[in-house]
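Residue strings, one per chain:
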Amino acid sequence: MHYLGRQHNRSTSMKIGIIGIGHIGGTLARKLALAGHEVFVANSKGADAVRPFADEIGATATDTKGAISGADAVILSIPLLAIENLPKDLFKDLPANVPVIDTSNYYPGLRDPQIADLDAGEVESVWVSRQIGRPIIKAFNNILAYSLAELGQPEGTPGRLAVAVAGDDAAAKKIAMAISNEVGFDPVDGGSLAESWRQQPLTPGYCCDFDAPTMRKALDAAVEGEAPTRWPVFKSKMAALGPDATHEDRVAMNRSFAPLQ
């Protein structure tokens, strides 16, 4: 049975705006609404497009501006190309103390077109921060969608899976870590935003279903610049797995790129 978060007193709930309701954003929206938060969901197509999902999970359908307005936290869970195309002033009225938690990853030549700055080595989260014009917190990018939806556990459960959380603002990072804990995963401090390359795709801690101590070791074991060199092998291994690959198959493949010593 997967863990959906604890029911809690409405007086401690937050207004959480979630832009993007794909596998990661949608799962977070579902869990956080069940936990008693006031969840507003949006995507690029407007409120009507997300209304069926919002009604299903007990959230409010809105547009991107509505998701941000008055929010205590914002979760941005859309592809990089969509981030690049967001209105440049979208976040201008959001108070500086409200965390924007970004879940995105760069998949060059797969889902995403080549982005020159990222290909040149810019940290993905730093690039995202530049696109939206404000600091972000990086979280929920190094966990598989199935793991997020099905493998969460109550705090204190032995072997509970972990997610990395990186960012420069301690208070904002604390909120993101609390959300991680509430939806069933141990948060592990990934350091500053500039260090968030340690949780990017094909690093030792990327989507490997590790517990917190192992995640800590994996983040520390990452070597800057190595992960991008693994894309050709990753694409070959993905093709070999095929459409019928199990979750365990995918985890084993991810662990194969940088096994911990």
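Residues numbered from 1 in each chain as written. Predicted model: local features only at pLDDT ≥ 70, side-chain atom pairs only at ≥ 80, totals over all residues. Heavy atoms only, no water.

## Re the sheet that holds strand E3 (residues 60-61)
Thought 1: With mixed pairing, eight strands are arranged side by side in an open sheet as E3-E2-E1-E4-E5-E6-E7-E8. Lying at the two open borders of the sheet, with one neighbouring strand each, are E3 and strand E8 (186-189).
Thought 2: Pairing of strand E1 (residues 15-19) with strand E4 (residues 73-76), which is carried by four bridges, proceeds in the parallel orientation. What sits directly across from isoleucine 19, in E4, is leucine 76.
Thought 3: Helix-sheet contacts for helix H1 (residues 23-34) involve E1, strand E2 (38-42) and E4, and the interaxial angle to E1 is about 160°. (Pairing = 2+ DSSP bridges. Helix = DSSP H or I, 4+ residues; strand = E, 2+ residues; numbered from the N terminus. Contact = heavy atoms within 4.5 Å. Axes fitted to C-alpha atoms, helices over the stretch in contact; angles between N-to-C directions.)

## A closer look at the environment of glutamate 38
Thought 1: Along the chain, glutamate 38 turns up in strand E2.
Thought 2: Looking at glutamate 38, the relative accessible area reads 38%, which means it is partly exposed.
Thought 3: Taking the C-alpha atoms as reference, glutamate 38 lies 31 Å from glycine 205; in sequence the two are 167 residues apart. (Buried < 20%, exposed > 50% of the residue type's maximum accessible area, 1.4 Å probe, protein only.)

## Structural notes on unusual backbone geometry
Thought 1: Its identity is not glycine, yet cysteine 207 carries a phi of approximately 55°, on the positive side.
Thought 2: For cysteine 207, the location among the structural elements is in the loop between E8 and helix H9 (212-221).
Thought 3: The exposure class of cysteine 207 is buried, given its relative accessible area of 2%.
Thought 4: Positive phi, normally seen in glycine, also occurs at aspartate 209, with a value near 55°.

## Focus: the side chain of asparagine 43
Thought 1: Turning to its location among the elements, asparagine 43 is positioned in the loop between E2 and helix H2 (47-57).
Thought 2: Sequence-distant contacts of asparagine 43, that is, excluding residues within four places in its chain, are made with Gly20, Ala49, Val50 and Thr64.

## Description of the nonpolar core
Where a protein is soluble and globular, its nonpolar side chains tend to be buried together.
Thought 1: Of all hydrophobic cores here, the largest spans 33 residues; its most connected members are Leu32, Val41 and Phe140.
Thought 2: Listing elements by their share of this core, those giving two or more residues are E1, H1, E2, H2, E4, strand E6 (137-139), strand E7 (162-166) and helix H8 (170-182).
Thought 3: The leading source of residues in this core is H1, at five residues.
Thought 4: When neighbours within four sequence positions are excluded, phenylalanine 140 is seen to be in contact with Ile24, Leu28, Ile101, Thr103, Leu148, Val163, Ala164, Ile179, Ser180 and Val183. (Core = buried A, V, L, I, M, F, W, Y, C linked by side-chain atoms within 4.5 Å.)

## A closer look at the confidence of the model for the chain
Thought 1: Confidence along the chain averages 93 in pLDDT terms, with 95% of residues attaining 70 or more.
Thought 2: Within the model, the stretch residues 1-11 combines pLDDT values under 50 with 28 contacts to residues more than four positions away or in other chains. (pLDDT = per-residue confidence, 0-100.)

## Regarding the pattern of salt bridges
Where charged atoms from two side chains of opposite charge come close, those side chains can pair.
Thought 1: In total, this model carries 11 salt bridges according to the counting rule given.
Thought 2: In this structure, the salt-bridge partner of aspartate 186 is arginine 160, at a minimum N-O distance of 2.7 Å. Remark: arginine 160 occurs in the loop between helix H7 (145-150) and E7 and aspartate 186 occurs in strand E8; sequence separation between them is 26 residues.
Thought 3: Assessed through its relative accessible area of 22%, aspartate 186 is described here as partly exposed.
Thought 4: With a relative accessible area of 2%, arginine 160 lands in the buried category.
Thought 5: Close ionic contact of arginine 230 with glutamate 226 constitutes a salt bridge, the shortest N to O distance being 3.0 Å. (Salt bridge = Lys/Arg side-chain N within 4 Å of Asp/Glu carboxyl O.)

## Points about the state of the cysteines
Thought 1: Applying the stated criterion to the full structure yields zero disulfides.
Thought 2: Just so you know, cysteine 207 is unpaired, no disulfide at all, and the nearest cysteine sulfur is the one on cysteine 208, 7.4 Å from it. (Disulfide = S-S within 2.5 Å.)

## So, the pairing of E1
Regular strands place their side chains on alternate faces of the sheet.
Thought 1: The buried fraction of E1 amounts to five of the five residues, a majority that puts the element mostly inside the structure.
Thought 2: Of the pairings in the sheet, the one linking E1 to E2 comprises five bridges and is parallel in character. Residue pairing for E2: isoleucine 19 is matched across the bridge by alanine 42.
Thought 3: Each parallel crossover has a hand, and the one from E1 via H1 to E2 is right-handed. (Right-handed = clockwise from strand over helix to strand, strands pointing away.)

## As for the packing of H1 against H2
Thought 1: Interaxial distance between H1 and H2 falls to 9 Å at its minimum, and their mutual angle equals 35°. Taken as a pair, H1 and H2 cross one another with a handedness that is right-handed. Every residue of H2 that contacts H1 at Gly26, Ala29, Arg30 and Ala33 is listed here: Phe53, Glu56 and Ile57. (Left-handed = near helix turned anticlockwise from the far one by under 90°.)

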